[in-house]
Amino acid sequence: MKIKSFPEYEQAYKKSVEQPEQFWKEIADNFLWRKKWDKILSWNFTEPKIEWFKGAKLNITENCLDRHLETMGDKPAIIWEPNDPTEDHRVLTYKQLYDKVCQFANVLKNNGAKKGDRICIYMPMVPELAIAVLACARLGAIHSVVFGGFSAQSIADRILDAECNIVITTDGGVRGDKKIPMKTVIDDALVRCPSVQKVIVLTHTRTPVSMIKGRDVWWEDEIKKIETQGKKEFIAEEMDAEDMLFILYTSGSTGKPKGVVHTCGGYMVYAGYTFTNAFQYEPGEVYFCTADIGWITGHSYIVYGPLSQGATTVMFEGVPTWPDAGRFWDIVDKYKVNIFYTAPTAIRSLMSFGDEPLNGKDLSSLTKLGSVGEPLNEEAWHWFDERIGKKKCPIVDTWWQTETGGFMISPIANVTPLKPGYATLPLPGVQPVLVDEKGEEIQGNGVSGNLCIKFPWPGMLRTTYGDHERCRTTYFATYKDLYFTGDGCLRDEDGYYRITGRVDDVLNVSGHRIGTAEVENAINMHSSVVESAVVGYPHDIKGQGVYAFVVCPNQHGDPELARKDIMMTVSRIIGAIAKPDKIQFVTGLPKTRSGKIMRRILRKIAEGDTSNLGDISTLLDPGVVEDIKAGAL
Ligand code: WT7
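Residues numbered from 1 in each chain as written. Predicted model: local features only at pLDDT ≥ 70, side-chain atom pairs only at ≥ 80, totals over all residues.

Trainee: For this particular structure, what's the right way to read helix α16 (residues 559-573)?
Mentor: Think of an α-helix as turning once every 3.6 residues; residues three or four places apart then point the same way. End to end, α16 covers 21 Å across 15 residues, agreeing with the expected 21 Å (1.5 Å per residue, within 8%). Buried residues along α16 sit in contact with α6 (152-162), α15 (516-524), β29 (543-551) and β30 (582-586). Looking one or two residues past α16, G575 carries a phi angle of roughly 145 degrees, positive in sign. (Helix = DSSP H or I, 4+ residues; strand = E, 2+ residues; numbered from the N terminus. Expected span 1.5 Å × (residues − 1). Contact = placed C-beta atoms within 7 Å.)

See the structure below:
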């Protein structure tokens, strides 16, 4: 599967465009199938309908676990580094991970889980999170992992949307010096979720919890039952390549988050192929991705991609700056990490601490670096290259999305010539096009436009859970016969791609995707708020910050207190990750005569660029603009 030189890349790319089915068939042949497909690909982007390897039978966990047992059973699959560096780390070999996954799949079954059920997982970064994910997959249940930083309300929305019948959680979580009462958050969420029959709770922080009779059970007790019953194996459920593997919720420009659906066969092939190629993973290498399994990066590049390739994957429970800003480098040193994959926001944050945290850290094991989540600006690129990679490690800047399942535009380490700030070239099988406002394709190089993809790839989303029409309108209706990414993009004179950021009302804050409409809805829940408008502004560390313009006419007291109240509301409704960085109280919002908020003007003001606001003559009351300008933060 591995591309070893640039001419090989060019050849593979050409083949993937001219004979896509043959190309992906040969890749898919490297995986373990119980039965091969009836048809490699059928598709149209109108409905849309996308099927890869239909009729093939498999279980992804046989690819991630069983098939490695004979040759690599004793090799570490997961190395777990706890939040507190003075506590013991854990290593799970492939055999141990296999045993634990089988055991927990049996626990799920004992608790009524069956193929096709939706199971919500709300856990911190502990090995049992990966075990829970894989156990669901082994049993054929569809997992819906919710990031540990989301609020009870966000969790409830997701559980209701997917009609989950089981929740898996822990008593608590800990990140840096912060404790998260996870079970209590789940209890709050479940008040609204009658579909949930069982809650399985792992002991982790020993935070006191209340257990509801008949509904809540302890992970450890359930494991004991399996041991008493003498059950060791769990025969993996046979899945069709197009059966759902998981749902992962992500924000868009309108409404509530949508459940992006990935299926078993195509996703597996794509995550494995892109992992092996972009990072040129070699047996024995230690790979550390700093993401959380609550996001797609963790699904594809902590769990499924690496494990399907027999890699050793490091899972880290904590945060980059605790107990100090050298934590990542301690971990690299401790486990002799070879491949280190992180986010631009983390790089910029660590960069701001200077060189001191690097002192005495041996980073010589590193051979490849990666970045994901937002554009990697040149300053951060060079710091990463010089200080961390010592100018000998390629930086793999991977552009992709929750919806794409895996890397789309990305260098192949030591194969693709790099350019700072560029995601470089499309991987084989990916056919990007740039389009103008009218949806016309912009040909040639040295051009910019909206980034679309014109041909299906195995890892792409199939639908949005429970609402296929929403999938169609969000991704396939803006431009005919194209998948629209929501990103703006430049293709330079050499045909290299540079992502310039979202062109819709979606913010990218520290690599987290946040819908402006969602934040506005949360702010508007506050009793004294009449209306609000949220935009992004450039932020040194986070990439983008959240700037809220809030109409709050009866706010007469201390504005600082009112700001705190509103922040609290957003935290309660969505989660701390969506909290505004700046809140400006305004008397009115700039609206057109038809009542539409002119966000363009607010964006300019938030950016601090008030010199050229463009045409404001269509505004209902141009006067409000002066007021807003005067009060800008
Ligand atoms: C959006 C997708 C894919 C996992 C992490 C985020 C932005 C992602 C890059 C990159 C520039 C990037 C895009 C994209 N993005 N990677 N290497 N360079 N921008 O997943 O939450 O689905 O967000 O993140 O704007 O559309 P996500």
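Trainee: Got a minute to help me understand the packing of helix α3 (residues 60-72) against helix α10 (residues 296-308) in this structure?
Mentor: How two helices sit against one another is set out by the angle between their axes and by the gap between those axes. Packing of α3 against α10 leaves a shortest axis separation of 8 Å and a crossing angle of 65 degrees. Note that α3 runs across α10; the crossing there is left-handed. Contact with α3, carried on its side by I60, N63 and C64, involves Y304, L307 and S308 of α10 and no other residues of that element. When its residues are assigned to classes, the contact of α3 with α10 shows four nonpolar, two polar and no charged. (Axes fitted to C-alpha atoms, helices over the stretch in contact; angles between N-to-C directions. Left-handed = near helix turned anticlockwise from the far one by under 90°. Nonpolar A, V, L, I, M, F, W, Y, C, P; charged D, E, K, R; others polar.)

Trainee: It is not clear to me how the sheet that holds strand β12 (residues 216-218) should be interpreted in this structure. Could you clarify?
Mentor: Strand pairing in a sheet is mediated by backbone hydrogen bonds. Such pairs are either parallel or antiparallel. What the eight strands build is an open sheet, ordered β12-β11-β8-β6-β7-β14-β15-β23; its pairing is mixed. Two strands bound the open sheet, and with one partner strand each, they are β12 and β23 (463-464). Pairing between strand β6 (residues 118-122) and strand β8 (residues 166-170): four bridges, direction parallel. Residue pairing for β8: C120 is matched across the bridge by V167. Most of the contacts of α6 go to β6, to which it runs at about 165 degrees, and overall it touches β6, β7 (142-145), β14 (244-250) and β15 (258-263). Packed onto the sheet, helix α9 (residues 264-278) meets β14 and β15 and runs at close to 80 degrees relative to β15. (Pairing = 2+ DSSP bridges.)

Trainee: What is the right way to look at the domain arrangement of the protein chain in this model?
Mentor: Size of an interface, as often reported, equals the accessible area lost when the parts are brought together. Each assigned domain of the protein chain is listed with its residue range as follows: domain 1 (68-74 + 94-237), domain 2 (449-502) and domain 3 (506-630). Centre-to-centre separation of domain 1 and domain 3, based on C-alpha positions: 38 Å. Listed per partner, the contact involves five residues of domain 1 and seven residues of domain 3. (Domains from an automatic or database assignment.)

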